[in-house]
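Residue-level structure breakdown
One-letter residues, chain by chain:
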Amino acid sequence: MNEITRKRVDPGALFTGLILIAVGILFLLDRLDVANFGFIAHHYWPLIVVAFGVRHLLRGRTWNGLWFIVIGSWLQVSVLRLFGLTFGSSWPLLLIAYGAGMILRAMIDSARRREPTEPEDHHGA
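Note that the coordinates shown come from a computational prediction; the quantities given were computed from them, not determined experimentally.

**Considering the environment of glycine 60**
Following the sequence through the fold, glycine 60 ends up in the loop between helix 4 (46–58) and helix 5 (62–80). The class of glycine 60 is exposed, set by a relative accessible area of 56%. Sequence-wise, glycine 60 and glycine 12 are 48 residues apart; in three dimensions their C-alpha atoms are separated by 9.4 Å.

Structure (structure tokens):
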């Protein structure tokens, strides 16, 4: 087995490479007048933030990844005005998401810190 096959593939680098290929294809299709990438870029740019979140998740940075995904999703909902939400009307959702994330993280961290209780020793003293 050579050195390359013994090393583990970095999922974050793999994902980033795939994203760059996809963006390159979109630019190429735009230049060839096959697709209107300007429209796609204008309306779906927040998915880049989501992609960074996925990259963080793949690298084991769970909380950072989730936060990027939440922000990117909020941006996407606001840009597309889904459910009638705009940047001005939906920013409180970020406060709610951040607060919920803090509570969830505190609960998970607390559960991880708890050690199983050992039975009390009633035989000696």
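**Thoughts on the environment of tryptophan 67**
With respect to the secondary-structure elements, tryptophan 67 resides in helix 5. Put simply, tryptophan 67 and alanine 97 are 30 residues apart on the chain and 8.7 Å apart in space, counted from C-alpha to C-alpha. Dropping the residues within four chain positions of it, tryptophan 67 is found in contact with Leu94, Ala97 and Tyr98.

What counts and what doesn't
Residues numbered from 1 in each chain as written. Predicted model: local features only at pLDDT ≥ 70, side-chain atom pairs only at ≥ 80, totals over all residues. Heavy atoms only, no water. Helix = DSSP H or I, 4+ residues; strand = E, 2+ residues; numbered from the N terminus. Buried < 20%, exposed > 50% of the residue type's maximum accessible area, 1.4 Å probe, protein only. Contact = heavy atoms within 4.5 Å.

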